[in-house]
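# Secondary and tertiary structure notes
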2 protein chains.
Amino acid sequence: MSVSTSKKYKSDLEIANKSTMKHISQIAESLQLTEEDYDLYGKYKAKVSLNVLDNLKEQQDGKLILVTAINPTSAGEGKSTVTVGLGDALKQLGEKAVIAMREPSLGPVMGIKGGACGGGYAQVLPMDDINLHFTGDLHAITTANNALAAIIDNHIHQGNALNIDQRRIVWKRVVDLNDRALRKVIIGLGGPVQGVPREDGFDITVASEIMAILCLATSLEDLKKRLARIVIGYTYDKQPVTVANLEVEGALALLLKDAICPNLVQTIEHTPAFVHGGPFANIAHGCNSVLATKMALKLGDYVVTEAGFGADLGAEKFLHIKSRSAELKPDAVVIVATIRALKMHGGVAKNELAEENLNALRAGFENLQKHCENISEFGLPFVVALNRFVTDSDAEIALFDELCKQYDIAYELTEVWEKGGEGGLALAKKLISVIEENDLQFRYLYDLEDSVETKIINIAQKIYGAMGVDFSTKVKRQLQEIEKHGWSNLPVCMAKTQYSLSDDPSKLGKPENFMITVRELKPCIGAGFIVALTGDVMTMPGLPKSPAALKMDINEKGEAIGLF
Amino acid sequence: MSVSTSKKYKSDLEIANKSTMKHISQIAESLQLTEEDYDLYGKYKAKVSLNVLDNLKEQQDGKLILVTAINPTSAGEGKSTVTVGLGDALKQLGEKAVIAMREPSLGPVMGIKGGACGGGYAQVLPMDDINLHFTGDLHAITTANNALAAIIDNHIHQGNALNIDQRRIVWKRVVDLNDRALRKVIIGLGGPVQGVPREDGFDITVASEIMAILCLATSLEDLKKRLARIVIGYTYDKQPVTVANLEVEGALALLLKDAICPNLVQTIEHTPAFVHGGPFANIAHGCNSVLATKMALKLGDYVVTEAGFGADLGAEKFLHIKSRSAELKPDAVVIVATIRALKMHGGVAKNELAEENLNALRAGFENLQKHCENISEFGLPFVVALNRFVTDSDAEIALFDELCKQYDIAYELTEVWEKGGEGGLALAKKLISVIEENDLQFRYLYDLEDSVETKIINIAQKIYGAMGVDFSTKVKRQLQEIEKHGWSNLPVCMAKTQYSLSDDPSKLGKPENFMITVRELKPCIGAGFIVALTGDVMTMPGLPKSPAALKMDINEKGEAIGLF
């Protein structure tokens, strides 16, 4: 093994703190941005003005590389780390590379995860700031979301001119924290002066439709239009009530005027990285903002971006929702896989993943195969990135190599956690040649004109490999309502477990002979998609028994402790 | 009348938008700050590092001028406007002036007020940013406050090792919005997996004890110590449970690491202004941060600061809480008065204030007199600033002049709304001479060693002019508990209506023969004071029928609309 164990145990924060950042104005300069183009947020963060997109309208776009993965284990497979390392590797090859990734939510940071900026020597910096308040985007979204909620309850309290049925309000409040006690609440108690009592609940901020909107908006004007279209609930005669009816799309857009501008930071190796927007991958589309991706494409020759969860969810939604709405097309896809996760798909228990198990690896490989087939279905070239872990045995790596050759799957080993960009050079070279040689034709797997039902069936059969879809009685009724309200032409946003190709997290590998059950639809008219819920979707996580917050601290120099 | 009516009706935002700001680095330079001393937040805002205080430890402090007021009308009397205009005037006189004032809360901005950065030609800029998210301080406080709440409920959910009585949790959640429906809620519903059901409520962020702590902390270390001392509730055997018991003071301090750094902005006339911290004046002490005031004193020869509400609340708490804890001493006090408010104290109805009424002015004048006596009691020199309005008649101004002469009260007319610093030159000159000639001895009106009861009685009798204090049965019991827990040596933070010297908002002028009723005490051990509640105190405002948010918008250039 080339990987030293001692180094493995240095924390991400320690590595980050030992890195030397350049002033962000130098990073901006490397992208030919002028001082007028951005606002500094301290010395290492900047918000780039949307004017840059106007100014570079005529500029040709760079090549877009989408990083996705097989169905992950609960710890994740290092998709963000590969995204960062690949950007660094492209830069090491002399290419003008720009990274476009999601920004973390504070809830998970203080709960289990501790941080979400890549890992090891493939991180975006300053990781402490990015993991905490960053440039305030999530706070702005929280505020806009909750201002709307306050306006709704105030509207009802002040006489309810719009005839809103308080039992049918679908707009929930949010906090950017894991706070299970807020999942189901009753508000407005205390008598007539305190408002109208009703059932309510809080989601985590990244699950807010406003986050999805911010990430899909193509301009400030488009943002305001999407905000205006949000359906907050229904009247007593079941007609949708929108933000436009409440006349606050202007106020909400004003609250988001800075949040909409992409955040520029750098990797440990000083590669420019846009870290902007982070909608929940389960209830929304799970990709960074369209504006950041578009800006990166104008400023870089190669743009590396990622989508949430595995390719069945993340890549599918990236392609059908984000790409379609923003008219983007990836030039190549990276599918991140690990020996550990493949063994898990082959039946190994979580606590035995460190042991060599060739049979399990062979059995679990079909999960990767299915994702490769899916990406090919979209007409996109791909390279598998085998993200190496200390526990991977040489025999396992050899078997993986053999299987890839057998099924004609292009792959490269990556060791970006350990080595930064250098650990991703082979992957970067392979991608460049794959992009140059590509003669495939990108296609969607469903048309917007298809019925919502057909769209869901298409995704379930073509991507998940399901036999078909069971729609609940509620969904059948909802499909009629969606038709009636004229929302049928929207894309579908699948909400499904990330751990399986099916809707049952215990079905690993490549499940067969299964049905997908859609139990509810959730129209997100502002974001511009219909969420199809399969199984229970958690929109407000809880804290574990010993939250990461207990280890978080600040030393006398003002440096963060306990982020990892 | 020298005041042109047409100009009066230009909105604050219009005036602000027509002003030319300097880059904030130029303002910082004018204070001899180097680039290492601050972080930019865009081109017109900066956060100044606390290292500056260390570096300037040996530097002599400038002169501190405290701006307070008579009991206000509901519209306010222009205290912030006078604070800004006085700073500008001192600068026009060639003095090195620095302003230190509070930052606005978004709730009132979106509710009734629309903005809170001074007014007219005496404003701090960029008023749109300051009124919206500014540098994120309030969002950081909201997050820290609610992270603590989530940790508390999670602790109980995970087995309640600390034996917290969920009926006796005093730590509430907050939002920086006016949201009456959140005043009284039930959380934790939905069965055992969703947490433990209990009654709860939300306050507005500025009412959070964390805001008071941030404003009283003298260093990052002191901040962490105060956070650790917060009492979040009581055990089943009625012992206090603190943040230290929950072991999250480090995480909370980490979340506040940027919020604790003072924000530097500028006035329309480019006078440096620290706008930092804004605790509710009713439930807390209502002053900007100690750190910003101290920093201003190191950087300026004259520092103009303000305290919330009238002098009976704001100045009293500034002097007994902020000054005492931070070892500050004002060199002079400005008492802002208006003809309108004095007429109201003399019995004129709110809708008739525009009409000349000399008898009412004469009758209401005693409200001003009482505040002047109070400031003298503290051993502080003062100047009354008569803040001129278009509706003030020449006869009224003449009568005011006559009354001031009769009672030997120093005053100057100010027209800073209309004229900026020029409208405050006379006041500035008078203050400089008053400070130079001052031979008074500053004193507190109670000692920390006094019992809590005695402290309250002292304030009620000496400041309010009450005959005495009625303590409710609950308070009598609480006084014993406070004694038992060893909290008796803390100062008292009075929570009382701002509209009257008494605890009855309808008693205007200078009420006599009245008692103050204290109905409840609220120990804020982290902030370091015992709140004494007289009457109902609103800690979560509601929105009006037609909230300011309905007029807020953003134009195609990205400029704010509807802030005023």
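About the thresholds
Residues numbered from 1 in each chain as written. Chains lettered and ligands numbered in written order. Predicted model: local features only at pLDDT ≥ 70, side-chain atom pairs only at ≥ 80, totals over all residues. Heavy atoms only, no water. UniProt positions renumbered as here; feature names shortened; annotations may be inferred. Helix = DSSP H or I, 4+ residues; strand = E, 2+ residues; numbered from the N terminus. Rg over C-alpha atoms; globule rule 2.2 N^0.38 Å. Buried < 20%, exposed > 50% of the residue type's maximum accessible area, 1.4 Å probe, protein only. Contact = heavy atoms within 4.5 Å. Least-squares fit on C-alpha atoms with pLDDT ≥ 70 in both. Salt bridge = Lys/Arg side-chain N within 4 Å of Asp/Glu carboxyl O. Pairing = 2+ DSSP bridges. Axes fitted to C-alpha atoms, helices over the stretch in contact; angles between N-to-C directions. Parallel < 35°, antiparallel > 145°, perpendicular 65-115°, else oblique. Left-handed = near helix turned anticlockwise from the far one by under 90°. Nonpolar A, V, L, I, M, F, W, Y, C, P; charged D, E, K, R; others polar. Buried area = accessible area lost by both parts, 1.4 Å probe. Polar contact = N/O pair within 3.5 Å; in protein donor to acceptor, adjacent residues only side chain to side chain. Phe/Tyr/Trp six-rings, centres within 6.5 Å; stacked < 30°, edge-to-face > 60°. Lys NZ or Arg CZ within 6 Å of the ring centre and 35° of its normal. Disulfide = S-S within 2.5 Å.

Named according to an unreviewed UniProt entry, chain A is Formate--tetrahydrofolate ligase originating from Peribacillus faecalis. The Pathway (unreviewed entry) comment attached to chain A in UniProt states, word for word, "One-carbon metabolism; tetrahydrofolate interconversion." According to the UniProt record, the Sequence similarities (unreviewed entry) comment for chain A is "Belongs to the formate--tetrahydrofolate ligase family."

Attention shifts here to the overall build of chain A. A tally of regular secondary structure across chain A gives 21 helices and 26 strands. What you see for chain A is a C-alpha radius of gyration of 23 Å, in line with the 24 Å of a compact globule of 564 residues. Taking the principal axes of the C-alpha coordinates as reference, chain A spans close to 70 × 55 × 50 Å. Taken across its 564 residues, chain A has 65% of its residues classed as buried. Across chain A, the fraction of contacts at a sequence separation of at least 24, relative to all contacts at a separation of at least 6, is 75%.

Attention shifts here to the relation of the copies chain B and chain A. Superposing chain B onto chain A takes a rotation of 180 degrees combined with a translation of 0.0 Å along the rotation axis, leaving an RMSD of 0.0 Å. Such a combination of turn and shift is consistent with a two-fold rotation axis. Closest approach to the rotation axis within chain B is made by the C-alpha atom of Tyr41 of chain B, at a distance of 2.2 Å. When you check the interface residues of chain B against chain A, 100% turn up at the interface there too, and the contact is symmetric in its surfaces.

Turning our attention to the pattern of salt bridges. In this structure the tally under the stated criterion is 58 salt bridges over all chains. Arg173 of chain B is the partner of Asp200 of chain B in a salt bridge, and the nearest nitrogen-oxygen pair spans 2.8 Å. Of this pair, Asp200 of chain B sits in strand S10 (residues 198–200) while Arg173 of chain B sits in strand S8 (residues 173–175); the two residues are 27 residues apart in sequence, bridging distant segments of the chain. Each member of the pair, Asp200 of chain B as well as Arg173 of chain B, carries the same accessibility label: buried. Three or more residues are tied together by salt bridges with common partners; here these are Asp153, Arg173, Arg198 and Asp200 of chain A together with Asp179 of chain B.

Once that is clear, we can look at the sheet that holds strand S13 (residues 240–242) of chain A. Residues and elements named next belong to chain A. Read from one edge of the open sheet, three strands run S7-S12-S13, paired in antiparallel fashion. The two strands at the open ends of the sheet, each matched to only one other strand, are strand S7 (164–169) and S13. For this sheet the average axis-to-axis angle between neighbouring strands, irrespective of direction, equals 50 degrees. Judged from the three bridges that link them, strand S12 (residues 231–235) and S13 form a sheet pairing that is antiparallel.

This part covers the UniProt feature "binding site: ATP" (unreviewed entry) in chain A. All names here are of chain A. Following the UniProt record, one finds the feature "binding site: ATP" (unreviewed entry) at Thr73, Ser74, Ala75, Gly76, Glu77, Gly78, Lys79 and Ser80. Tracing the sequence through the fold places Ser74 in the loop between strand S3 (63–69) and helix H5 (79–92). Sequence-distant contacts of Ser74, defined by excluding residues within four places in its chain, comprise Lys350 and Tyr499. By the secondary structure assignment, Gly78 is in the loop between S3 and H5.

Residues and elements named next belong to chain B. The geometry of helix H14 (residues 311–326) relative to helix H20 (residues 452–464) is characterised by a closest axis approach of 11 Å and an angle of 125 degrees between their N-to-C directions. Relative to H20, the element H14 lies oblique. Pair H14 / H20 crosses with right-handed handedness. Note on element contacts: H20 touches H14 through Ile459, Ile463 and Tyr464, opposite Asp312, Leu313 and Glu316. Tallied by class, residues from the contact of H14 with H20 come to four nonpolar, no polar and two charged.

Our next topic: unusual backbone geometry. Cis rather than trans, the peptide bond between Leu125 of chain A and Pro126 of chain A has omega equal to -5 degrees. By secondary structure assignment, the location of Pro126 of chain A is in the loop between strand S6 (122–125) and helix H7 (127–131). Look at Glu247 of chain B: it is not a glycine, yet its phi comes out positive at around 60 degrees.

Turning our attention to the interface of chain B and chain A. Between chain B and chain A, the residue contacts involve 70 residues of the former and 70 residues of the latter. For the pair chain B and chain A, the summed buried surface comes to about 5,800 Å²; carbon and sulfur atoms form 63% of the total. For the chain B face of the interface with chain A, the top three residues by lost area are Arg180, Leu254 and Ile554 of chain B, together amounting to 11%. On inspection of chain B and its partner chain A, the count reaches eight salt bridges. Here Lys43 of chain B makes a salt bridge to Asp39 of chain A, at a shortest N to O gap of 2.7 Å. Along the contact surface separating chain B from chain A lie 37 residue pairs in polar contact (both at pLDDT 80 or more). Here the side of chain B that touches chain A gets ten residues from one element, more than from any other, and that element is helix H8 (residues 137–157) of chain B. Its residues placed into classes, the side of chain B that touches chain A shows 36 nonpolar, 16 polar and 18 charged.

Right, let's talk about the sheet that holds strand S23 (residues 520–524) of chain B for a bit. Residues and elements named next belong to chain B. Read across the open sheet, the three strands follow the order S21-S24-S23; overall the sheet is mixed. Looking at strand neighbours, the two that pair on one side only are strand S21 (492–495) and S23, the edges of this open sheet. Across the sheet, the axes of successive neighbouring strands diverge by a mean angle of 25 degrees, strand direction being ignored. Note that S21 and strand S24 (residues 529–533) share four bridges and pair parallel. From the neighbouring strand, Met494 faces S24, where its bridge partner is Ala532. Against the sheet, H14 makes contact with S21 and S24, and its axis sits at roughly 170 degrees relative to S21, the strand it touches most.

Here the focus is the environment of Glu520 of chain A. Residue and element names in this part refer to chain A. In this fold, Glu520 is placed in strand S23 (residues 520–524). Each C-alpha atom of the pair Glu520 and Ala253 lies 30 Å from the other, and the pair is 267 residues apart in sequence. Those residues in contact with Glu520 that sit more than four places away from it in its chain are Lys474, Val475, Gln478, Val531, Ala532 and Leu533. Among the polar contacts listed, one links the side chain of Glu520 to the side chain of Lys474, at a separation of 3.4 Å.

Per the stated rule, a full pass over the model turns up ten aromatic pairs over all chains. Site record: aromatic cluster; members linked through ring pairs are Phe365, Phe400, Tyr407 and Tyr411 of chain A. Just above the ring of Tyr444 of chain A sits the side chain of Arg324 of chain A; from NZ or CZ to the centre is 4.1 Å. The positively charged end of Lys496 of chain B is found above the aromatic ring belonging to Tyr464 of chain B, 4.7 Å away from the centroid.

Residue and element names in this part refer to chain B. Look at helix H5 (residues 79–92) against helix H19 (residues 425–437): their axes get within 8 Å of each other, and the N-to-C directions meet at 75 degrees. Considered as vectors, H5 and H19 are oriented roughly perpendicular to each other. The residues of H19 that touch H5, namely those facing Val82, Leu86, Ala89, Leu90 and Gln92, are Leu425, Leu427, Ala428, Leu431 and Ile432. Residues that form the contact of H5 with H19 fall into these classes: nine nonpolar, one polar and no charged.

Moving on: the environment of Asp129 of chain B. Here Asp129 of chain B lies in helix H7 (residues 127–131). For the pair Asp129 of chain B and Lys522 of chain B, spaced 393 residues apart in sequence, the C-alpha separation works out to 34 Å. Those residues in contact with Asp129 of chain B that lie beyond four places of it in its chain are Lys257 and Asp258 of chain A together with Lys45 and Phe134 of chain B.

All names here are of chain A. Most of S3 sits out of view: six of its seven residues are buried. Pairing of S3 with strand S16 (residues 302–306), which is carried by five bridges, proceeds in the parallel orientation. Pairing of Ile65 across the sheet is with Val304, part of S16. With five bridges joining them, S3 and strand S17 (residues 332–337) adopt parallel strand pairing. Looking at S17, one finds that Ile65 is bridged to Ala332.

Let's shift gears to the state of the cysteines. Residue and element names in this part refer to chain B. Counted under the stated rule, the structure contains zero disulfides over all chains. Residue Cys117 stays outside any disulfide, its sulfur separated by 16 Å from that of Cys215, the closest cysteine. With no disulfide of its own, Cys215 has Cys287 as its nearest cysteine by sulfur position, at a separation of 8.3 Å. Overall, the relative accessible area of 0% leaves Cys215 in the buried class.

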